[in-house]
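Close look at the chain arrangement
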Amino acid sequence: MRKRVVVHGRVQGVFFRDSTRQRAEAAGVTGWVANRPDGTVEAVFEGNDEAVESLVRWMHDGPRGADVDRVEVGDEDPEGLSGFDVR
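Just so we're clear, the structure is a prediction, and the values are computed from it rather than from any experiment. (Residues numbered from 1 in each chain as written. Predicted model: local features only at pLDDT ≥ 70, side-chain atom pairs only at ≥ 80, totals over all residues. Heavy atoms only, no water.)

One can find M59 in helix 2 (residues 49–59). On the basis of relative accessible area, M59 is assigned to the buried category, the value being 0%. Expressed as a C-alpha distance, the spacing of M59 and V44, which sit 15 residues apart in the sequence, is 12 Å. Ignoring sequence-local partners within four residues, the contact set of M59 consists of V5, V7, F16, T20, A43, F45, V68 and V71. (Helix = DSSP H or I, 4+ residues; strand = E, 2+ residues; numbered from the N terminus. Buried < 20%, exposed > 50% of the residue type's maximum accessible area, 1.4 Å probe, protein only. Contact = heavy atoms within 4.5 Å.)

Structure below.
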């Protein structure tokens, strides 16, 4: 399974990317997470359904200090990524 997630709100400068990386690595999910110029955080998750869905649910709250307004989630075809990168 592969999901692309864009998180809106106060999500930059609150360790959102690093917290996402830690959770993804712990869950065995591959992909990446990045700050976007418009102030959002974008992530791509690939892995088993349960692990990916768990990360997507967590993105609705994020780390302490984040204030998530809304989350966009889209399905994509898996690419067979390896590792998890912070961009």
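Strand order in the open sheet formed by 5 strands is 4-1-3-2-5, and the pairing between neighbours is mixed. The sheet terminates laterally at strand 4 (67–76) and strand 5 (84–86), the two strands that pair on one side only. When the angles between neighbouring strand axes are averaged without regard to direction, this sheet yields 15°. As defined by bridge partners, strand 1 (residues 2–10) adjoins strand 3 (residues 41–46) across 6 bridges and the pair is classed as antiparallel. (Pairing = 2+ DSSP bridges. Axes fitted to C-alpha atoms, helices over the stretch in contact; angles between N-to-C directions.)

Let's shift gears to the nonpolar core. Membership of the largest hydrophobic core comes to 21 residues, with the highest contact counts inside it found for V5, V7, F16, V29, F45 and M59. Mapped by element, the contributors of at least two residues to this core are strand 1, helix 1 (16–27), strand 3, helix 2 and strand 4. Looking at this core element by element, the count peaks at 6 residues for helix 2. Contacts of F16, omitting those with residues within four sequence positions, involve V7, V11, V41, W58, M59, G62, P63, A66 and V68. (Core = buried A, V, L, I, M, F, W, Y, C linked by side-chain atoms within 4.5 Å.)

This next bit is on the pattern of salt bridges. Using the criterion set out here, one finds 12 salt bridges in the structure. Close ionic contact of R2 with E76 constitutes a salt bridge, the shortest N to O distance being 2.7 Å. Within this pair, whereas R2 is found in strand 1, its partner E76 is found in strand 4, the two being separated by 74 residues in sequence. Classification of R2 by relative accessible area gives buried; the value is 4%. The salt bridge involving R4 is made with E42; its shortest N-O contact spans 2.7 Å. Linking R4 in strand 1 with E42 in strand 3, this pair joins segments that are 38 residues apart in sequence. Assessed through its relative accessible area of 13%, E42 is described here as buried. (Salt bridge = Lys/Arg side-chain N within 4 Å of Asp/Glu carboxyl O.)

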